[in-house]
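The lines below spell out each chain.
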Amino acid sequence: MTQQKRISLEKLTQNTTFLSAIALILSLLVSGVVMMIAGYSPIEGYSAMFTGAFGSVDNLAQTLGTATPLIFAGLAMAFAARGGMFNIGIEGQIIAGAFPAALVGAYLQGLPWFVHIPLCFLAGMIGGGLWAMLAGFLKNKLRVSEVILTIMLNYVAQYLAEYLANYQFKAEGMLVRTETIQPSAALPALIPYSRLTTGIFVALAFAVFVWWFLSRTTPGYQMRAIAQNPYAAEAGGVNIARMNLLTMFLSGALAGMGGAVEVMGVHGYFIVNMTSGYGFDGVAIAVMGNNTPLGTVISALIFGALRAGSTSMNRMTSIPGEFIQVLQALVILFVSTPGIVRAMLRKRNFKKNDQKKGA
Amino acid sequence: MYAVEMHGITKQFKNVLANSNVELMVKRGEIHSLLGENGAGKSTLMNILYGMYAPTSGQVVVQGKPVVIENPLKAIELGIAMVHQHFMLIEPLTVAENVVLGYEPKKHGCFDMKKAVEEVNTLADQYGLHVDARQKVEELSVGTKQRVEILKALYRKADILILDEPTAVLTPQEVSDLFRVLRKLRESGKTIIIITHKLKETLELADTVTVLRKGQVIASLPVTEQMDQAQLAELMVGRIVSLETEKQPVPGEHEVVMALRGAVVTRDKRNVLDDISLEIRAGEILGIAGVEGNGQTELIDVLTGLQRLSGGAVVLQGKQLPAGRITPRSMLAAGVGHIPEDRGKRGFVGGFTIAENIVLGYHRNQPFARHGLINRKARDEFADRVARQYDVRMDSIQDTVGSLSGGNQQKVIIGRVFAQDPKVIIAAQPTRGVDIGAIEYIHGELVKMRDAGKAVLLISADLDELMRLSDKIAVLYDGRIVDRRDASEYDERTLGALMTGHTPDSVEKEVKQA
């Protein structure tokens, strides 16, 4: 009986979905303890967070709206990882996609929406894609790790966009931003005055595309082969350098879409600091989603809820919203070290057995 | 009387019963061969003895005393040492430093290098293990590294020595050196257990043999004059296996299908392949003999497009290939099939299914894919047929290749290559780490391909395999082909001498003198 139980428990801890869920719960618990140590009430905090994320239609819209760019960011990270690349430059690629999308949205005039919107998407994808591909290109040429390259290119993208938004493309007014996009380029809001736009459907469609691309196409097959065993892929005639470029381009294009959707749905223009760490959240989201499209969508929704909830926790309680970052860091920690989770579960199991023996 | 007794040892891994009620009795001062196929449970059993695993149940008795061996430190305390297949040495350190590591002689609290060297030299002389105690391990040959490992065990005052597949990486000369050392150790009262699947070595070296199959002891017998390989093979595999491969010369013209002309590969200003010319002919198996690291990998990589030539040319069916355009993909497309020397590295993607792996390298071709879209139905049907034809033991083609045994993994690779009807087959170490049953099968298939008029290049560290399968043999030493003849003109000794750098003339002289 106990033997059987232990086997099933071991099986469960092999299951990545289960591990991700446990990691999330553990992070919530540990952050609660941190809140307590800091002198706040975790119950108060979490209930404020929950209300903020799901309490009303508007709150729910906030959650889903925040999740939209996060889905793109998570997909970008997951896609790169499935192709054997560690793309930590999603933040920069979101900017590299948002900026051209904003320009195409603002300066192309007189187009019907069904032309203008796809053109903005295209601009976003190409911008993000080329920015990411630059890292891939430098990796191939200079044999430098893409981790370093993509991190550094984040800053280049950030300050370059900031410069352009300050000078060449600056809109009238106090804000450092570009001109407002044409109505024909705007994504309609699903709930009035919320962040939730039709962009979420686009994000879900792209998640399906990523799944289809990885599992049903030869380039997807080659990418997965490279990620798992580049030597065997090479012997199988896969041009690794070229595939890495494609992986980076498509990953960057996904990130760029995130930027475009944010511009076209939420802000209506490119504005500095609009990414607010989506790119880095993307890493955590992909990790928690085990780099699968479905997992990524689910964890992006959870992260969206956390973000939305933390804003209202900030507003309704004295607990600083930064606790959300503690929580996210813990999620990454627990998901990427399944050993911790397994050890904790095993210990609990042993204790149970001991108690039984005692009784 | 007994150095080691293991009673009723059972080891249950998650889904695998690795050892089931195993009884092992090793007499003091004997060489005991633990014989079995891959996955028979030999290594598990020895890892239990060495304290790496705890048995699920059972009792270990060392030198007459029941013991619990929780970890390797405890094993060392009890005088048990293990020489692993993959050496546990620190490459940049000297031999002496490696040997004394953890038990360093000290002077005023500091490491006493001089004393360490002295002690290691004394120990080495005592057992005829020739090493230079001051040399760095990274400069040593594989055989010498192994001697360092043995010294390490002796320095720790081990009385019981476990060697895991000790001859797997050695040349014939190194093997006979090792055997000499092991016999000397036995004379001085040490007990030696060798884990092996090699029948010949068991018969030559061991006093007693214990045969394991599927985690159980099948037999434990003294090795006698009357014992032969067929008998041991049958115990090991559980059925009669043929150890010979039937092979008749292929009649007719053997045209050159693929050739190298003056091929040179330079790395770090050194020619790792130096002016190699060879011809791979239809209906022939050309064997390449040589100690690993003498250019085999580069030769394979050149022929399969993985390595650019620094000089010379690759000729395929009479046409010289443009050097800049040779890629793995172009070679596969031209009909050069590749059975990689290290299947875990180049051969397959462990997390991919059997179906996905069977098309790797041919995955773009119709009907597996069209316009970049995978046709899963066509691929799976093909994979299923190939997997069955090449006798891959599996539940379904959707199993990952990583979950298969070594022999079945190799059959997936062989099926992949042979099913594409290649013109040339580059078969590198085709039976490394593969069970006897699978070896028999793979050898048969290779000969079939040759009989069907394919040109085969066979690179193998196993001299028996080379001599059994090859029509011609070329010897590779230090990036050069130093000798080549019909396979029938070579014997194991001559090949062994040529492989280690003796010139053909000196070898002939030696043979005449003997």
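Residues numbered from 1 in each chain as written. Chains lettered and ligands numbered in written order. Predicted model: local features only at pLDDT ≥ 70, side-chain atom pairs only at ≥ 80, totals over all residues. Heavy atoms only, no water.

When helices and strands are tallied, chain A shows 15 helices and zero strands. For a compact globule of 359 residues, the expected C-alpha radius of gyration is about 21 Å, and chain A comes in at 22 Å, within 12% of that figure. In terms of overall dimensions, chain A has C-alpha extents of about 80 × 60 × 35 Å along its principal axes. Total accessible area on chain A stands at roughly 16,400 Å², and carbon and sulfur atoms take up 68% of it. (Helix = DSSP H or I, 4+ residues; strand = E, 2+ residues; numbered from the N terminus. Rg over C-alpha atoms; globule rule 2.2 N^0.38 Å. Areas by Shrake-Rupley, 256 points an atom, 1.4 Å probe, with all protein chains shown as cover.)

Residue and element names in this part refer to chain B. On the basis of which strands lie adjacent, the open sheet formed by six strands has the order 18-21-22-15-23-24 and mixed pairing. Each edge of the open sheet is held by one strand with a lone partner, namely strand 18 (336–339) and strand 24 (480–486). Recorded for the sheet is a direction-independent mean angle of 20 degrees between the axes of neighbouring strands. Here five bridges tie strand 21 (residues 424–428) to strand 22 (residues 455–459), and the two strands are oriented parallel to one another. Pairing of Ala427 across the sheet is with Leu458, part of strand 22. Its contacts with the sheet put helix 17 (residues 492–499) on strand 15 (284–289), strand 23 (472–477) and strand 24, and the angle it makes with strand 23 is roughly 30 degrees. (Pairing = 2+ DSSP bridges. Axes fitted to C-alpha atoms, helices over the stretch in contact; angles between N-to-C directions. Contact = heavy atoms within 4.5 Å.)

Okay, helix 8 (residues 229–237) of chain B next. Residues and elements named next belong to chain B. Here helix 8 has its buried residues at Leu232, Ala233, Met236 and Val237. Within helix 8, the buried residues cover an arc of 120 degrees as seen down the axis, which keeps them to one side. Looking at the buried positions of helix 8, the neighbouring elements they touch are strand 3 (31–36), helix 7 (199–205), strand 11 (208–213) and helix 15 (436–451). One or two positions beyond helix 8, positive phi appears at Gly238, with a value near 90 degrees. (Buried < 20%, exposed > 50% of the residue type's maximum accessible area, 1.4 Å probe, protein only. Arc of directions from axis to C-beta.)

One can find Ala98(A) in helix 5 (residues 90–107). Each C-alpha atom of the pair Ala98(A) and Ala67(A) lies 17 Å from the other, and the pair is 31 residues apart in sequence.

On the chain B side, the residues contacting the 21 residues of chain A number 25 residues. Interface of chain A and chain B: buried area, both sides summed, is about 2,100 Å²; carbon and sulfur atoms make up 56% of it. Of all residues in chain A, Arg216(A), Thr218(A) and Tyr221(A) bury the most surface against chain B, accounting for 29% of the area lost on that side. Counting across the interface, chain A meets chain B through two salt bridges. For Glu356(B), the salt bridge identified is with Arg224(A), shortest N-O distance 3.0 Å. Across the chain A-chain B interface, the total number found is 14 residue pairs in polar contact (both at pLDDT 80 or more). Here the side of chain A that touches chain B gets seven residues from one element, more than from any other, and that element is helix 9 (residues 218–228) of chain A. The class makeup of the residues in the side of chain A that touches chain B is eight nonpolar, nine polar and four charged. (Buried area = accessible area lost by both parts, 1.4 Å probe. Salt bridge = Lys/Arg side-chain N within 4 Å of Asp/Glu carboxyl O. Polar contact = N/O pair within 3.5 Å; in protein donor to acceptor, adjacent residues only side chain to side chain. Nonpolar A, V, L, I, M, F, W, Y, C, P; charged D, E, K, R; others polar.)

Residue and element names in this part refer to chain B. As for its placement among the helices and strands, Val291 is situated in the loop between strand 15 and helix 9 (296–303). It is 37 Å that separates the C-alpha atoms of Val291 and Glu77, two residues lying 214 residues apart in sequence. In this view, Val291 contacts Thr171, Gln296, Met499 and Thr500; residues no more than four positions away in its chain are not counted.

Our next topic: the sheet that holds strand 16 (residues 311–316) of chain B. All names here are of chain B. One open sheet accounts for four strands, arranged 14-13-16-17; its pairing is antiparallel. Whereas interior strands pair on both sides, the edge strands pair on one side only; in this sheet they are strand 14 (270–281) and strand 17 (319–320). Summarising the sheet, strand 13 (residues 256–267) and strand 16 pair through five bridges and their orientation is antiparallel. In the sheet register, Arg261 faces strand 16, and the bridge partner there is Ala313. On top of the sheet, helix 9 reaches strand 13, strand 14 and strand 16; it is set at about 55 degrees to strand 14, its chief contact.

Attention shifts here to the packing of helix 12 (residues 278–288) of chain A against helix 13 (residues 293–316) of chain A. Residues and elements named next belong to chain A. Two numbers describe how helix 12 lies on helix 13: the axes approach to 8 Å, and their chain directions differ by 130 degrees. Considering their axes alone, helix 12 and helix 13 lie oblique with respect to each other. With respect to the hand of their crossing, helix 12 and helix 13 are arranged in right-handed fashion. Facing Tyr278, Asp281, Ala284, Ile285, Ala286 and Met288 of helix 12, the residues of helix 13 in contact are Thr296, Ser299, Ala300, Ile302, Phe303 and Arg307. (Parallel < 35°, antiparallel > 145°, perpendicular 65-115°, else oblique. Left-handed = near helix turned anticlockwise from the far one by under 90°.)

This brings us to the nonpolar core. Nonpolar side chains in soluble globular proteins generally cluster together in the buried interior. Residues Phe121(A), Phe270(A) and Phe418(B) are the most contacted members of the largest nonpolar core, which totals 121 residues. No other element matches the nine residues that helix 4 (residues 57–82) of chain A contributes to this core. Counting 38 residues, the second largest nonpolar core, distinct from the first, contains Val117(B), Ala133(B), Leu154(B) and Tyr155(B). (Core = buried A, V, L, I, M, F, W, Y, C linked by side-chain atoms within 4.5 Å.)

Okay, the domain arrangement of chain B next. All names here are of chain B. With domains assigned, chain B is organised as domain 1 (2–237) and domain 2 (277–513). Distance between the C-alpha centres of domain 1 and domain 2: 32 Å. The interface is formed by ten residues belonging to domain 1 together with 14 residues belonging to domain 2. Carbon and sulfur atoms supply 55% of the area buried between domain 1 and domain 2, which totals about 920 Å² over both sides. Three residues stand out in domain 1 for area buried against domain 2, namely Asn38, Pro172 and Gln173, and they jointly supply 40% of the buried area on that side. Our count for the contact surface shared by domain 1 and domain 2 stands at two salt bridges. Notably, a salt bridge pairs Lys200 with Glu492, separated by 3.3 Å at the nearest N-O pair. (Domains from an automatic or database assignment.)

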